Amino acid sequence: PSSFLPKTGTWGGIIILGNAIITGGGTNNVEGLDSNLGLYGGNDDLDNSGVMRYVRVWYGGADIGFDPNNPEGSGNEINGITFAGVGSGTTVEYVEVAFNKDDGFEFFGGSVNCKYLSALFVEDDSFDVDEGYQGSLQNIFALVDENGDHAAEMDSKNDNQRRSFPRVYGATFIKAFHTTTDENGLVQIREGCGGQFSNMILTGTAGSGMQNNLCFSEERTSSSSFNGNKPNFLWWSENNIINTLSPITVSLKQFQIQTSAPDNCIWTNPSTPTSRDADPQLILAPQWNNFQNLKFIDPRPAKGGSAYQSADSPPSNDNGFFQKVDYVGAFGSDIWLEGWSFLSDNKLLPASGTGAPESANILSGNIVSDTTLSQSNVYYLIGQVFVKSGATLTIE
């Protein structure tokens, strides 16, 4: 009944089994099902598992092997949606996982490409990649509350082929305010995972924006001119925006890179990963720690602000899947969540048709000089506004 919702783990989730390539070749049995009930994998990266469009998976993640003597769970919790060996012939657009007890979206190998994915308030990772996944993801969004772990955990199987090589072009990841000593990165890339990561906004409170550990022979760089040998490299764009604050020091912490041997992560060209530390100027990203005290959000960046500067072009090896955009993050002027997301249903998003304001029309803080608010503009107050002594505010 609705009176008991939202409650994670109320039911299972969706598991899609395909015939695309996974690490080591052959087949495997999917996480969340008993042995031999969920075989996936094969040799067809173009495999077609159908169309998934405008699908919502809420309150899932049941542990099918629950043991009352193991409060941490059996490890058989079901992800919101599991793509296991799913091929690029599959269409996945406008899909949301919310309040899942395990991961939101999990990709075990395969090559499925996805656009417009939303992961809200899941208890583990919002997006999880492993076993040689080599698909493309554009416009992916995660709200990670105080109970969640990573917005994205990108794994591989060390140097075993095939290596995971996700391509992410356009992501907005927001981590809730919290005061724990958790030092996990908002994005964790480890265990030999390669890939290309660009047009990303990482913001909120986290141990770091990007965490890179347990590395192997893959090359690692933030150089825009790098042209590596897929899948044996990791490219993190210098134009990504990371302004995550450590919960311990409450100061900027962009990266957390393992430097101790073995499995240390050596970056070249430059010797450390880089990203912009600018304010992404999201229209409204209030301080919150769980969905109960999230009253309203507008994850679009202000036009003319930092997110509309230095946007990357799509990776050249995407087979035409990516659509080139002029902004960084998962959103431009369009709130593609409107009308179907949990956030929309619960009136946590702006009304349909509300345009993204110019950065000059967003007000917060102190007005220290004479200022006129024109009747021809719409202004957004995203915090307290004080007219200081000596300044005159004129509202037409």
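For the structure itself, look to the data block above.
Residues numbered from 1 in each chain as written. Predicted model: local features only at pLDDT ≥ 70, side-chain atom pairs only at ≥ 80, totals over all residues. Heavy atoms only, no water.

Asker: I would appreciate a short explanation of the overall build of the protein in the present structure.
Answerer: Along the backbone of the protein there are one helix and 25 strands. Its C-alpha radius of gyration of 21 Å places the protein within 12% of the 21 Å reference for a compact globule of 396 residues. A buried classification covers 53% of the 396 residues belonging to the protein. Taking all contacts inside the protein whose residues are at least 6 apart in sequence as the whole, residues at least 24 apart take part in 67%. As displayed, the protein has an accessible area near 16500 Å², and 46% of this comes from carbon and sulfur atoms. (Helix = DSSP H or I, 4+ residues; strand = E, 2+ residues; numbered from the N terminus. Rg over C-alpha atoms; globule rule 2.2 N^0.38 Å. Buried < 20%, exposed > 50% of the residue type's maximum accessible area, 1.4 Å probe, protein only. Contact = heavy atoms within 4.5 Å. Areas by Shrake-Rupley, 256 points an atom, 1.4 Å probe, with all protein chains shown as cover.)

Asker: Please clarify how unusual backbone geometry should be interpreted in this entry.
Answerer: Peptide bonds are mostly trans, and most non-glycine residues show a negative phi. With an omega dihedral of 5°, the bond running from Gln161 to Arg162 counts as a cis peptide bond. Within the secondary structure layout, Arg162 lies in the loop between strand S11 (152-154) and strand S12 (167-175). For the peptide bond that leads from Ala261 to Pro262, omega is -5°, which places it in the cis range. Relative to the helices and strands, Pro262 resides in the loop between strand S19 (255-257) and strand S20 (282-284). Even without glycine at this site, Tyr59 takes up a positive phi of about 65°. Of note, Tyr59 is situated in the loop between strand S4 (51-58) and strand S5 (81-84).

Asker: Just checking my understanding: could you explain the pattern of salt bridges for this structure?
Answerer: Pairing between side chains of opposite charge can happen when the charged atoms of each approach one another. Under the definition given, this model contains twelve salt bridges. Ionic pairing is found between Glu93 and Arg53, a salt bridge with its closest N-O pair at 3.0 Å. Placement of the pair is Glu93 in strand S6 (residues 91-98) and Arg53 in strand S4, with a sequence separation of 40 residues. The salt bridge partner of Asp298 is Arg300, with a shortest N-O separation of 2.8 Å. This pair shows no difference in class: Asp298 is buried, exactly as Arg300 is. Bridged by salt links that share partners, the residues Glu153, Asp155, Arg190 and Glu191 form one connected network. (Salt bridge = Lys/Arg side-chain N within 4 Å of Asp/Glu carboxyl O.)

Asker: Would you explain the side chain of Lys115 in this entry?
Answerer: Within the fold, Lys115 resides in strand S8 (residues 113-120). Here Lys115 sits buried without a salt bridge, and the closest side chain of opposite charge, Glu93, lies 5.8 Å off (N-O distance). A distance of 3.0 Å separates a polar side-chain atom of Lys115 from the backbone oxygen of Phe321. The residues contacting Lys115, other than those within four sequence positions of it, are Val92, Glu93, Tyr94, Gln138, Asn139, Phe321 and Gln323. (Lys, Arg positive; Asp, Glu negative; His and termini not counted. Polar contact = N/O pair within 3.5 Å; in protein donor to acceptor, adjacent residues only side chain to side chain.)

Asker: Mind showing me how you'd approach the packing of aromatic side chains here?
Answerer: Two aromatic rings are characterised by how far apart their centres lie and by the angle between their planes. Applying the stated criterion across every chain yields a total of 28 aromatic pairs. Relative to Tyr116, the ring of Tyr94 lies with its centre 4.4 Å away and its plane at 5°, an arrangement referred to as stacked. A residue pair is termed long-range when its members are at least 10 positions apart, and Tyr94 in strand S6 and Tyr116 in strand S8 qualify at 22 residues. Classification of Tyr94 as buried rests on a relative accessible area of 17%. For the pair Tyr308 and Tyr327, a centre-to-centre distance of 6.1 Å together with 55° between the ring planes defines the contact as tilted. Residue Tyr308 is located in the loop between strand S21 (298-301) and helix H1 (342-345), and its partner Tyr327 is located in the loop between S21 and H1; the two are separated by 19 residues in the primary sequence. Residue Tyr308 is classed as partly exposed on the basis of its relative accessible area of 21%. Given a relative accessible area of 12%, Tyr327 falls into the buried group. Looking at Lys115, its charged tip hangs above the ring of Phe321, at a distance of 4.8 Å from the centre. (Phe/Tyr/Trp six-rings, centres within 6.5 Å; stacked < 30°, edge-to-face > 60°. Lys NZ or Arg CZ within 6 Å of the ring centre and 35° of its normal.)

Asker: Looking at this structure, how should I read the environment of Ile297?
Answerer: By secondary structure assignment, the location of Ile297 is in the loop between S20 and S21. As for Ile297 and Gly87, which are separated by 210 residues in sequence, their C-alpha atoms are 34 Å apart.

Asker: Would you mind showing me how to read the nonpolar core here?
Answerer: Nonpolar side chains in soluble globular proteins tend to end up buried together. Ranked by internal contacts, the top residues of the largest apolar core, which has 45 residues, are Phe83, Phe105, Phe107, Leu117, Phe173 and Trp236. The biggest single contributor to this core is strand S10 (residues 136-144), with four residues. Of all hydrophobic cores here, the second largest spans 30 residues; its members include Phe121, Ile174, Leu282 and Leu294. (Core = buried A, V, L, I, M, F, W, Y, C linked by side-chain atoms within 4.5 Å.)

Asker: For this particular structure, what's the right way to read the state of the cysteines?
Answerer: Structurally, a disulfide amounts to a covalent bond that connects the sulfur atoms of two cysteines. Following the criterion strictly, the structure yields one disulfide and no others. The residue that forms a disulfide with Cys215 is Cys265, at a sulfur-sulfur distance of 2.0 Å. Its torsion about the S-S bond being 90°, the disulfide of Cys215 and Cys265 is classed as right-handed. Within this pair, whereas Cys215 is found in the loop between strand S15 (208-213) and strand S16 (219-221), its partner Cys265 is found in the loop between S19 and S20, the two being separated by 50 residues in sequence. (Disulfide = S-S within 2.5 Å.)

Asker: Help me understand the sheet that holds S11 in this model?
Answerer: Picture the strands of a sheet paired through backbone hydrogen bonds; they go either parallel or antiparallel. Pairing is parallel in the open sheet, where eight strands are placed in the order S1-S5-S7-S9-S11-S13-S15-S19. With partners counted over all chains shown, the strands left at the sheet margins are strand S1 (14-17) and S19, one partner each. Looking at each pair of strands side by side, their axes are set apart by 10° on average, direction ignored. Relative to strand S13 (residues 185-190), S11 runs parallel, the two sharing three bridges. Counterpart to Ala152 in the pairing with S13 is Val187. (Pairing = 2+ DSSP bridges. Axes fitted to C-alpha atoms, helices over the stretch in contact; angles between N-to-C directions.)

Asker: What exactly am I supposed to notice about the pairing of S6 here?
Answerer: Two faces make up the sheet, and in a regular strand the side chains alternate between them. Burial runs high along S6: six of the eight residues are buried. Sheet topology note: the S4/S6 ladder contains seven bridges and is parallel. Each bridged residue has a counterpart across the sheet, and for Arg56 the counterpart in S6 is Glu96. With seven bridges joining them, S6 and S8 adopt parallel strand pairing. Note on S8: the bridge partner recorded for Val92 is Cys114.

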